[in-house]
Amino acid sequence: MTKNTGTLYGIGVGPGDPDLITIKAAKILNQVDIVFAAASTKNDHSLAVNIAREHIPDKVTVIRLKFPMTRDKNETRQAWKAHSQTIIAELERGKNVAFLTLGDSMTYSTYGYILRYVQTLAPHLEVQTVPGITSYQAAAARLNTPLVEGEESLMVVSGAKGGNRLRELCGKPENIVFLKAYRNVTDIKAAIDESGKYSSCVGVKSCGHPDEEIVKDIEELSRRKPDYWTLIITKQTTNNGSTE
Ligand SMILES: C[S@@+](CC[C@H](N)C(=O)[O-])C[C@H]1O[C@@H](n2cnc3c(N)ncnc32)[C@H](O)[C@@H]1O
């Protein structure tokens with residue numbers, strides 16, 4: 001039986017360096033009919049499109065979907081649903097469609113919400129998700145610092161609520177990545193200091209982009225103007241990585 005609906009590909013484009021897109025993602029981008037990506041309601045800018053640009057042929061239609069930057073859950077849900085319906089309409093017309101996401105498609109990603117709506121509203125449609133390199137994997141590589149070794153654990157946490165997730169866990173994980181550190185660097189720093197367990201703490205801003213910065217002094221990072229594209233990697237000193 002021939003399939004007359006298209007496939008939705010959820011593509012992680014990596015955190016910034018266009019060379020960090022997987023070969024699989026690049027091959028798919030070369031074959032789809034439409035590329036969708038999230039953009040703010042204020043302008044047409046899409047970082048994900050910029051990163052993937054060299055892998056998207058000129059003939060492919062690129063559509064930037066406007067997502068409101070708001071804390072109003074209803075408004076956000078309405079946008080997810082409306083955009084999912086736009087994508088579903090193209091899939092029903094037989095178009096193969098990519099939805100781009102920064103870093104990895106399954107890590108704190110808008111794609112996760114779009115995916116849920118598409119699967120609920122149109123469960124007959126085929127979906128394939130292609131992973132991407134996360135921002136914190138790229139940052140650890142940039143720092144030449146292992147994220148996790150031996151029997152250690154790694155906690156990846158949203159910093160949107162400051163250092164509270166770390167406080168709840170009483171400094172248990174040996175290694176922590178705070179994404180969405182943004183306006184909360186001061187409180188994240190306070191929670192790290194309170195635990196008294198973390199000997200190393202580095203902020204990485206815009207990893208893989210021309211304005212990339214590595215800030216080894218978290219105090220200094222907390223004094224800077226908040227930047228959304230900031231993550232923090234903090235580590236306890238353990239012997240697990242020892243060569244002795
Ligand atoms: C909504 S999350 C998206 C995470 C992404 N899907 C990933 O796999 O890394 C956005 C947060 O990821 C982090 N982030 C994403 N790209 C980054 C980059 N190039 N450099 C530093 N942090 C980045 C920042 O903490 C930002 O606030």
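Look a little higher up for the structure.
Keep in mind that this is a model prediction, so the values were computed, not measured.

Caption draft 1: The pattern of salt bridges, seen in detail. Evaluated as defined, the whole model comprises 14 salt bridges. One salt bridge connects Lys205 with Glu213, and the closest N-O pair in it is separated by 3.6 Å. A residue is classified by how much of its surface remains accessible, and Glu213, at 29% relative accessible area, is partly exposed. One network of salt bridges, in which partners are shared, links Lys205, Asp211, Glu213, Glu220, Arg224 and Asp227.

Caption draft 2: Focus on helix H4 (residues 110–121). Over its 12 residues, H4 extends 17 Å from the first C-alpha to the last, a length consistent with the 16 Å expected when each residue adds 1.5 Å. Buried within H4 are the following residues: Tyr111, Gly112, Ile114, Leu115 and Val118. Taken end-on, H4 shows its buried residues confined to a sector of 165°, consistent with a single buried face. With respect to the buried face of H4, the exposed residues turned more than 90 degrees away are Arg116 and Thr120. Looking at the buried positions of H4, the neighbouring elements they touch are strand S1 (7–12), strand S3 (61–67), helix H3 (73–92), strand S4 (97–101) and strand S5 (126–130). Where H4 begins, one side-chain oxygen reaches toward the backbone nitrogen of Tyr111, 3.0 Å away; that side chain belongs to Ser109.

Caption draft 3: Seen up close, the sheet that holds S3. The five strands are arranged S3-S2-S4-S1-S5 in an open sheet whose pairing can be described as parallel. The outermost strands of the open sheet, each flanked by one partner alone, are S3 and S5. Between one strand axis and the next, the sheet turns through 25° on average, direction left out of account. Pairing of S1 with S5 involves five bridges; the strand directions are parallel.

Analysis parameters
- Residues numbered from 1 in each chain as written.
- Predicted model: local features only at pLDDT ≥ 70, side-chain atom pairs only at ≥ 80, totals over all residues.
- Heavy atoms only, no water.
- Salt bridge = Lys/Arg side-chain N within 4 Å of Asp/Glu carboxyl O.
- Buried < 20%, exposed > 50% of the residue type's maximum accessible area, 1.4 Å probe, protein only.
- Helix = DSSP H or I, 4+ residues; strand = E, 2+ residues; numbered from the N terminus.
- Expected span 1.5 Å × (residues − 1).
- Arc of directions from axis to C-beta.
- Contact = heavy atoms within 4.5 Å.
- Polar contact = N/O pair within 3.5 Å; in protein donor to acceptor, adjacent residues only side chain to side chain.
- Pairing = 2+ DSSP bridges.
- Axes fitted to C-alpha atoms, helices over the stretch in contact; angles between N-to-C directions.

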